[in-house]
Each structure stands twice: as C-alpha cells, then as structure tokens.
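# Structural overview
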Amino acid sequence: MTLLTFGQPDDGIIQMAYTVPDLDAAMQSFTADLRVGPWFVFRQLSGPNPLYRGVQSHARNDIALGFAGHMQIELIQPLDDQPSVYKETIAVKGHGFHHFGVATRTFDRACAAHSAKGYDLAFTDAVEGVGRIAYFDTRGVLPGMLELIEASSELEALFGMIHAASVDWDGCCPVREIPSGDRI
C-alpha cells in the first residue's frame, strides 16, 4: 500500500463528505464540536464539463475542505436548483453524509471496475488544477455515493497543504477563503 503525501492510502478512503444548508454555520459546528480545521473554502465552484447522469449540468456549490487527523472532511452547500448529485441526495434524505472520496492513481481502471460492479455513473467532471472526478451511485450497498478522485501531483500538493495547516493547528484563522483566481 502506498500513501499519499497527506497520509491516506492510494485507493483507500481519503474523504468523508457532507451536504449542508449553510456552509459557514457547518464549518463553525464541525470546528467547535469535532476540532476539524482550518477550513479552505472554494466559493461558486463548478467544473469545466460537468455531466450529471449523462447530461450537462452547471450546478454551483460552495465547498470547504478541512482535516480531522489524516481524514479529509468536505462540506458542500449547493447554491442553485440545477440538477446535481448533491441535490438528488438532499431530495431523498435531506442534508448529511453524502459520499466517500477515494483517491486513485489508476483513475480509468478504477472507473471501469466500479462500472463492472454495476454501480451507476452519476457524475463526472474535471477539477481545474487537480484532476478528474467520478461519482458512482453506491447507495444500494453503501450509506452514500463513492467519489473517485484522480490522484495527481496537483491533488497531492493541494490536499498536502491543507493537511499540513491542520497539524498542530492552534485554532487561529479557522476559515481561509481561496480567491477565485486560485480555484481548484
């Protein structure tokens, strides 16, 4: 097993993600109650070629990334009524746990393996400056969806930087906005 630079295994769970109705309130709660942080926030995020269940969908979301130990926590606030994997899940069960994130260096092979298991491909896109992502609808077997994340050097640099900020974090500056020009 190889480890990514932020201490999680390649092809293992690196992220737990939750949809929230209010990103700022959720960051405060996760920090106060669970000591997650600091948070790195990406506002109005939408990728270059988002395909939701095979159809273009330019849903926008505010996203915050933080760490609890080596586990990354992602908070997602949908910002519009565009169809998305997030809105789909919220409509069925409300806000809460949404997906497990798994980073893989063999993205195409991992996608093919999950398709071969019969999991529906719910969403694909590329995250600018990071790599490709694919959500598989595993809710019939797992308690949420599964996001495959291409383990690129850019991903490792970004997630490594966020993880390093969490090590021995003293609680200062709990929210760090990423300017739109530096977006992932």
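Located above this text is the structure these notes cover.
Being a predicted model, the structure only gives us computed values, none of them experimental.

Looking at the secondary structure, you find Glu147 in strand 10 (residues 145-150). As a buried residue without a salt bridge, Glu147 has its nearest oppositely charged side chain in Arg132, at a separation of 12 Å. Within polar-contact distance, the side chain of Glu147 engages the side chain of His99 at 2.9 Å. Once residues lying within four places of it in the same chain are set aside, the contact partners of Glu147 are Gln15, Glu74, His99, Phe100, Gly101, Val102, Ile133, Ala134 and Tyr135.

All chains considered together, the criterion is met by eight aromatic pairs. Ring geometry for Tyr18 and Phe97: centres 5.7 Å apart, planes at 75°, overall edge-to-face. With Tyr18 in strand 1 (residues 13-19) and Phe97 in strand 7 (residues 96-104), the pair connects residues that are 79 residues apart, well separated along the chain. Their ring planes at 70° and their centres at 5.7 Å tell us that Phe123 and Tyr135 sit as a pair that is edge-to-face.

Of the voids in this model, the largest pocket is the one considered here, and its volume is about 500 Å³. The greatest single-element share of the lining of the largest pocket, amounting to four residues, is contributed by strand 8 (residues 120-127). When grouped by side-chain class, the residues that make up the lining of the largest pocket number 20 nonpolar, seven polar and five charged.

Our focus in this paragraph is the pattern of salt bridges. Counting across every chain of the model gives eleven salt bridges. Measuring nitrogen to oxygen at the nearest pair gives 2.8 Å for the salt bridge that ties Asp137 to Arg53. Of this pair, Asp137 sits in strand 9 (residues 131-137) while Arg53 sits in the loop between strand 3 (51-52) and strand 4 (55-56), placing them 84 residues apart in sequence. Using a relative accessible area of 17% as the deciding quantity, one classes Asp137 as buried. Classification of Arg53 by relative accessible area gives partly exposed; the value is 34%.

Each disulfide is one covalent bond, formed between the sulfur atoms of two cysteines. Overall, the coordinates contain zero disulfides when judged by the stated rule. With no disulfide of its own, Cys173 lies closest to Cys172 among cysteine sulfurs, the gap being 3.3 Å.

We now examine the pairing of strand 6 (residues 71-78). With seven of its eight residues buried, strand 6 lies for the most part within the structure. Pairing of strand 1 with strand 6, which is carried by five bridges, proceeds in the parallel orientation. Along strand 6, the bridge assignment pairs Gln15 with Gln72.

With that out of the way, let us pick up helix 4 (residues 153-166). In a regular helix each residue adds 1.5 Å, so 14 residues correspond to 20 Å; helix 4 covers 20 Å between its end C-alpha atoms and thus fits that length. Turning to helix 4, its buried residues number three or more, namely Leu155, Glu156, Leu158, Phe159, Gly160, Ile162, His163, Ala165 and Ser166. Count one or two residues on from helix 4 and you reach Asp168, which has phi positive near 60°.

Let's shift gears to the nonpolar core. If you look at the biggest cluster of nonpolar residues, it comprises 30 residues, and the most contacted ones within it are Ile14, Phe42, Val85, Tyr135, Leu155 and Phe159. Elements with a minimum of two residues in this core: strand 1, strand 2 (39-45), strand 5 (61-68), helix 2 (85-93), strand 8, strand 9, strand 10 and helix 4. If one sorts the elements of this core by residue count, helix 4 sits on top with five residues. Non-local contacts of Ile14, meaning those with residues more than four positions away in its chain, are made with Leu4, Phe6, Gln8, Pro9, His70, Met71, Gln72, Gly101, Ala103, Ile149 and Phe159.

Definitions and cut-offs
- Residues numbered from 1 in each chain as written.
- Predicted model: local features only at pLDDT ≥ 70, side-chain atom pairs only at ≥ 80, totals over all residues.
- Heavy atoms only, no water.
- Helix = DSSP H or I, 4+ residues; strand = E, 2+ residues; numbered from the N terminus.
- Buried < 20%, exposed > 50% of the residue type's maximum accessible area, 1.4 Å probe, protein only.
- Lys, Arg positive; Asp, Glu negative; His and termini not counted.
- Salt bridge = Lys/Arg side-chain N within 4 Å of Asp/Glu carboxyl O.
- Polar contact = N/O pair within 3.5 Å; in protein donor to acceptor, adjacent residues only side chain to side chain.
- Contact = heavy atoms within 4.5 Å.
- Phe/Tyr/Trp six-rings, centres within 6.5 Å; stacked < 30°, edge-to-face > 60°.
- 1 Å grid on protein atoms, 1.4 Å probe; cavity = no way out; pocket = protein on both sides within 12 Å on 5 of 7 lines; lining within 4 Å.
- Points joined across faces, edges and corners; volume = space filled by probe spheres on them.
- Nonpolar A, V, L, I, M, F, W, Y, C, P; charged D, E, K, R; others polar.
- Disulfide = S-S within 2.5 Å.
- Pairing = 2+ DSSP bridges.
- Expected span 1.5 Å × (residues − 1).
- Core = buried A, V, L, I, M, F, W, Y, C linked by side-chain atoms within 4.5 Å.

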